[in-house]
Amino acid sequence: MIRLAKSARVMAFVGVVALSGAALTACSSAGNSSGTASTGGGTYTWWDPYPQHDASSDWAKRVDACGTAAGVTIKRTAYDTTALTNQALLSAQERTSPDVILLDNPAVSTLADTGMLNTTQELGLDTSSIDKNLLAAGVVKDKTYGIPIGANTLALYYNKKILDAVGVDPATITSWASLTAALAKVKAAGHKGITFAGIGTEEGSFQFLPWFWGAGANLKQLDSSQAVAAVTLWKDWLAKGYAPNSVITNSQNTTWEEFLTGNFAFGENGTWQVDSAAKAGFPTGIIQIPAENGGAAPAPTGGEFLTAPVQKATGRYATTKKIINCMTTTDGQVKTATTFAYYIPPTAAGQQQLLAQKPDLKAWVDAVKSAKGRTSDNLGTDYPKISQAMWTGVQKALSGSLSPKDALVGAQQAALKATR
Amino acid sequence: MRATQTRAVGSPGTPGGAAITSPPPASGGLPAGRRIRSTQWAAMAFAAPLIVYLVAFYAFPLYRNIELSVHDYTIRAFVQGNAEFVGLANYADIITSQTFLPALRNTALFTAVSIAFQYTIGLGLAVFFRNNFRLSGVLRGMFLIPWLLPLIVSASTWSWMLNSDSGIVNSVLQAFGIGQINWLTSPGMALVSVIIANIWLGIPFNLVILYSGLQNISPDIYEAASLDGASGWKRFWYITFPLLRPVSAITLLLGLIYTLKVVDVIWIMTTGGPGDVSTTLAVWSYREAFGTGQPAFSPASAVGNLLILIALAFGVLYLYVQRREDVS
């Protein structure tokens, strides 16, 4: 019994030592990976939501080059967009934020509100040449919290073969009535009408906003008669078979896949599909999304902002400023534009240079100039909650659980409750 | 012998003195004021890593979850660490929210129907596989595939199959003259679709456990029963099923706890369905925390705590049933 106790003690001692050793190694290695931001000695951390561009891509090389030009090494980590917001929050809570984060534009006001981002004024960055409509998403209470690297937006791609076959000239589609009439003709000829993404996530709101704003509705009033008109437009298309039932669960990628089958006359999608459209098996073109009573509807902007989180070591800001300036020169903006096929540069100079290289992007540049940030109109941090209420309401209306009016009344109540 | 040895280790010097002054302590107990013996140190050293693990991975997350739910964690409060204490306001908010009753109803339906079908089909297959025919091993292995596939693969494939316009299920149904069913997009069918996918996913687990439970039933009992003239169904109902009760109980409990937590299948197929039609409590909690542009950790953890309470209730029920079984 005594011998057992002694050997048991020895085993226990060895076991505890082994476990503590393992725990300490784990803690220290975890500490290393999150501590690079504050180790100084010329390493700056950069987070962006482009995991498709790995370390050997042109984008990564440009980031590295800007780091070298500023005299430091950049350690870049790429996350998925939604994960990036959560990671940014966690790192801010732990006070280990990276030096630069590229944030999706609707998230900028949310993170700015927590106090974790520096204003461009504090960093000494010049934002005077940036288009106001594109900068608006990063403005909270008259302070700017980042610089857009570019913007993309939505338009209606059309299948030229189908439209020619049914005798519709896309240039005549300038209002909802003309679009619906065109869809009727397309359906009568046996083709499918239009496809878009109505999924219950931010993508659904993104695709619904051009119709919502095109009816003259305002995000602060989700149950206005204009808003109901926009939802009714989509619902009627579904009821008449001009849009497939799958739009209720379509993401933007799925919508594009459906459009590429060649069966649809119209597909609502964005600038990033320009190259894919050129390679489609049929001739394509784009028209601006029409407003209800004529003209182009304001479409929402996609695209990220360069932001500089607050650091404990304020001496780092001088180099951060150099890195950001390096990425946002006019040449830099055009290079960004082509890397992300196609972010339209946010300055007039950048846009002109891009058009000199790729003149067929003119329609997109015009679209972006009349586009609107989702968090503008002083919505800021309220936007995500309103957006969630809106997509839920749209889903209920499209699936038939509620009438459009009831669905939007419910949505407005939910939005008010969430934003009080 | 063992008892006296223990008493000799744990009690004061003279056994006689112990009998007079204080009752002998239970094995492992400690007379007041005595220093800890070497075997107690060994015991604590062995238990220490486990206790550290339990505190770090069970107690601390639970504490943090409760803390998240009784404070108002806006994003700003999360980053700056100065959340306001609001007591049970978050719980009041979620119970009065219009998503609460649908989520509760959907959770009950989703769990009950999934378990019922998973168990029944798993049991049927287990009984079927008791007869070892040629290739039965291979076939049993193939039935494990739903369990082995990564959930994102299974859920995505089910989404494709159930697509309203171009899914294969609708094509087959249309070949038989049945009209188009909007599996994932209609309020009536969204919950049914995710339940069907979940049943398919859960059958292998039930099959494996019930099959091994069946192996433990001695074939002599069946021989005796068939000598007495019991038919197949009577053999199943009066022998197999009652003898499987302990295994069934644990299978049902594990299945229930697992199904209560299912998020990925529902999220990938319908993200909670058109509106709230296929939102369960787990999906609601996930959506509040990670599914929108504004993480709302406090309501999410409140819903999560409700879910823990429900699972705890079932766990307690299981223990009660077990104790009754042991007693009887």
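Residues numbered from 1 in each chain as written. Chains lettered and ligands numbered in written order. Predicted model: local features only at pLDDT ≥ 70, side-chain atom pairs only at ≥ 80, totals over all residues.

(A) View of the overall build of chain A. Looking only at helices and strands, one finds 18 helices and 11 strands in chain A. In terms of its C-alpha atoms, chain A occupies a principal-axis envelope of roughly 90 × 60 × 45 Å. A burial count over chain A gives 48% of its 420 residues as buried. When contacts within chain A are restricted to residue pairs at least 6 apart in sequence, long-range pairs at least 24 apart make up 73% of them. (Helix = DSSP H or I, 4+ residues; strand = E, 2+ residues; numbered from the N terminus. Buried ≥ 20, exposed ≤ 12 C-beta atoms within 10 Å, placed from the backbone. Contact = placed C-beta atoms within 7 Å.)

(B) The arrangement of the overall build of chain B in detail. For chain B, the count of helices and strands is 17 helices and 2 strands. A burial count over chain B gives 32% of its 328 residues as buried. Taking all contacts inside chain B whose residues are at least 6 apart in sequence as the whole, residues at least 24 apart take part in 64%.

(C) Up close: the environment of Val368 of chain A. Residues and elements named next belong to chain A. Tracing the backbone through its elements, the reader meets Val368 in helix 16 (residues 362-369). Since 27 C-beta atoms lie within 10 Å of it, Val368 is described here as buried. Once the C-alpha coordinates of Val368 and Asn245 are considered, the two residues, 123 residues apart in sequence, prove to be 30 Å apart.

(D) Expanded view of the domain arrangement of chain A. Residue and element names in this part refer to chain A. By domain assignment, chain A separates into domain 1 (41-148 + 302-369) and domain 2 (154-300 + 378-419). Listed as interface residues are 12 residues of domain 1 and, on the opposing side, 13 residues of domain 2. Secondary structure elements with two or more residues in the side of domain 1 that touches domain 2: helix 4 (105-113) and helix 16. Looking at the side of domain 1 that touches domain 2 residue by residue, the class counts come to 8 nonpolar, 3 polar and 1 charged. (Domains from an automatic or database assignment. Nonpolar A, V, L, I, M, F, W, Y, C, P; charged D, E, K, R; others polar.)

(E) Structural detail: the domain arrangement of chain B. Residues and elements named next belong to chain B. According to the domain assignment, chain B consists of domain 1 (40-87) and domain 2 (99-327). The centre of domain 1, based on its C-alpha atoms, is set 31 Å off from the matching centre of domain 2. At the junction of the two partners, domain 1 supplies 9 residues and domain 2 supplies 8 residues. Every element with two or more residues in the side of domain 1 that touches domain 2 is listed here: helix 3 (38-70), strand 1 (71-72) and helix 4 (75-80). Looking at the side of domain 1 that touches domain 2 residue by residue, the class counts come to 5 nonpolar, 3 polar and 1 charged.

(F) Region of the structure containing the sheet that holds strand 11 (residues 304-307) of chain A. Residue and element names in this part refer to chain A. Taken in spatial order, the 5 strands make up an open sheet running 2-1-3-11-6, and their pairing is mixed. Unpaired on one side and paired on the other, strand 2 (73-78) and strand 6 (147-148) mark the two borders of the sheet. Note that strand 6 and strand 11 share 2 bridges and pair antiparallel. Note that in strand 11 the partner of Ile147 across the bridge is Leu306. Running at roughly 150 degrees to strand 2, helix 2 (residues 58-69) makes contact with strand 1 (43-48) and strand 2 of the sheet. (Pairing = 2+ DSSP bridges. Axes fitted to C-alpha atoms, helices over the stretch in contact; angles between N-to-C directions.)

(G) Main features of the interface of chain A and chain B. If you look at the interface, chain A gives 41 residues, while chain B gives 34 residues. Listing elements by their share of the side of chain A that touches chain B, those giving two or more residues are helix 1 (2-35), helix 3 (81-93), helix 4 and helix 17 (383-399) of chain A. Of the residues forming the side of chain A that touches chain B, the biggest block, 9 residues, is contributed by helix 17 of chain A.

(H) Here's a closer look at the pairing of strand 2 of chain A. Residues and elements named next belong to chain A. Bridge count for strand 1 against strand 2 is 6 bridges, and the pairing is parallel. Bridge pairing links Trp46 to Arg76 in strand 2. Chirality of the crossover, the property in question, places the unit of strand 1, helix 2 and strand 2 among those that are right-handed. (Right-handed = clockwise from strand over helix to strand, strands pointing away.)

(I) Broad picture of helix 14 (residues 330-339) of chain A. Residues and elements named next belong to chain A. Within helix 14, burial applies to Gln333, Val334, Thr336 and Ala337. Summarising the axial view, the buried residues of helix 14 lie within an arc of 155 degrees, below the 170-degree limit, and thus occupy one face. Residues of helix 14 that are buried in the fold lie against helix 15 (348-357). (Arc of directions from axis to C-beta.)

(J) Geometry of the sheet that holds strand 9 (residues 264-270) of chain A. Residue and element names in this part refer to chain A. Here we have 4 strands laid out as an open sheet, ordered 8-9-7-10, and mixed in their pairing. Every other strand in the sheet has two partners, leaving strand 8 (192-195) and strand 10 (284-287) as the edge strands with one partner each. Each adjacent strand pair in this sheet contributes to an overall mean axis angle of 25 degrees, direction not counted. Of the strand pairs in this sheet, strand 7 (residues 154-159) and strand 10 are connected by 4 bridges, and their pairing is antiparallel. Bridging from a neighbouring strand, Asn159 pairs with Thr284 of strand 10.

(K) Just the packing of helix 14 of chain A against helix 15 of chain A, in detail. All names here are of chain A. Where helix 14 contacts helix 15, the axes come no closer than 9 Å and their chain directions differ by 55 degrees. The angle between helix 14 and helix 15 falls in the class oblique. The two elements helix 14 and helix 15 cross, and the hand of that crossing is right-handed. In this structure, helix 14 contributes Thr330, Gln333, Val334 and Ala337 to the contact, and helix 15 contributes Ala349, Gly350, Gln353, Leu354 and Gln357. (Parallel < 35°, antiparallel > 145°, perpendicular 65-115°, else oblique. Left-handed = near helix turned anticlockwise from the far one by under 90°.)

(L) Focus on unusual backbone geometry. Despite not being glycine, Lys141 of chain A has its phi angle at roughly 50 degrees, a positive value. Among the secondary structure elements, Lys141 of chain A is positioned in the loop between strand 4 (139-140) and strand 5 (143-144). Under the C-beta neighbour-count criterion, Lys141 of chain A is labelled exposed, with 9 such atoms within 10 Å. Unusually for a residue other than glycine, Leu135 of chain B sits at a positive phi of about 70 degrees. Here Leu135 of chain B shows up in the loop between helix 6 (100-130) and helix 7 (136-143). Overall, Leu135 of chain B belongs to the exposed group, with 10 C-beta atoms counted inside 10 Å.

(M) Structural context of the pairing of strand 11 of chain A. Residue and element names in this part refer to chain A. Because side chains alternate across strand 11, one face comprises the buried residues Glu304 and Leu306, and the other comprises Phe305 and Thr307, equally buried. Judged from the 4 bridges that link them, strand 3 (residues 100-104) and strand 11 form a sheet pairing that is antiparallel. Each bridged residue has a counterpart across the sheet, and for Leu102 the counterpart in strand 11 is Leu306.

(N) Main features of the environment of Tyr158 of chain A. All names here are of chain A. Relative to the helices and strands, Tyr158 is located in strand 7. Between the C-alpha atom of Tyr158 and that of Phe259, which follows or precedes it by 101 residues, the distance is 8.8 Å. In this structure, Tyr158 is in contact with Leu163, Pro170, Ala265, Phe266, Thr284, Gly285 and Ile287, ignoring residues within four places of it in sequence.

(O) Representation of the packing of helix 17 of chain A against helix 18 (residues 404-419) of chain A in the model. Residue and element names in this part refer to chain A. Taken N-terminus to C-terminus, the directions of helix 17 and helix 18 make an angle of 160 degrees; their axes are 8 Å apart at the nearest point. It follows that helix 17 is roughly antiparallel to helix 18 by the angle criterion. Relative to helix 18, the crossing made by helix 17 is right-handed. Facing helix 17, whose interface residues are Lys385, Ile386, Ala389, Met390, Thr392, Gly393, Lys396 and Ala397, helix 18 presents Pro404, Ala407, Leu408, Gly410, Ala411, Ala414, Ala415, Ala418 and Thr419.

(P) Up close: the confidence of the model for chain B. Of all residues in chain B, 89% attain a pLDDT of 70 or more, and the chain-wide mean is 86. Segment residues 1-28 of chain B: pLDDT under 50, and 19 contacts once partners within four positions in sequence are set aside and those in other chains are kept. (pLDDT = per-residue confidence, 0-100.)

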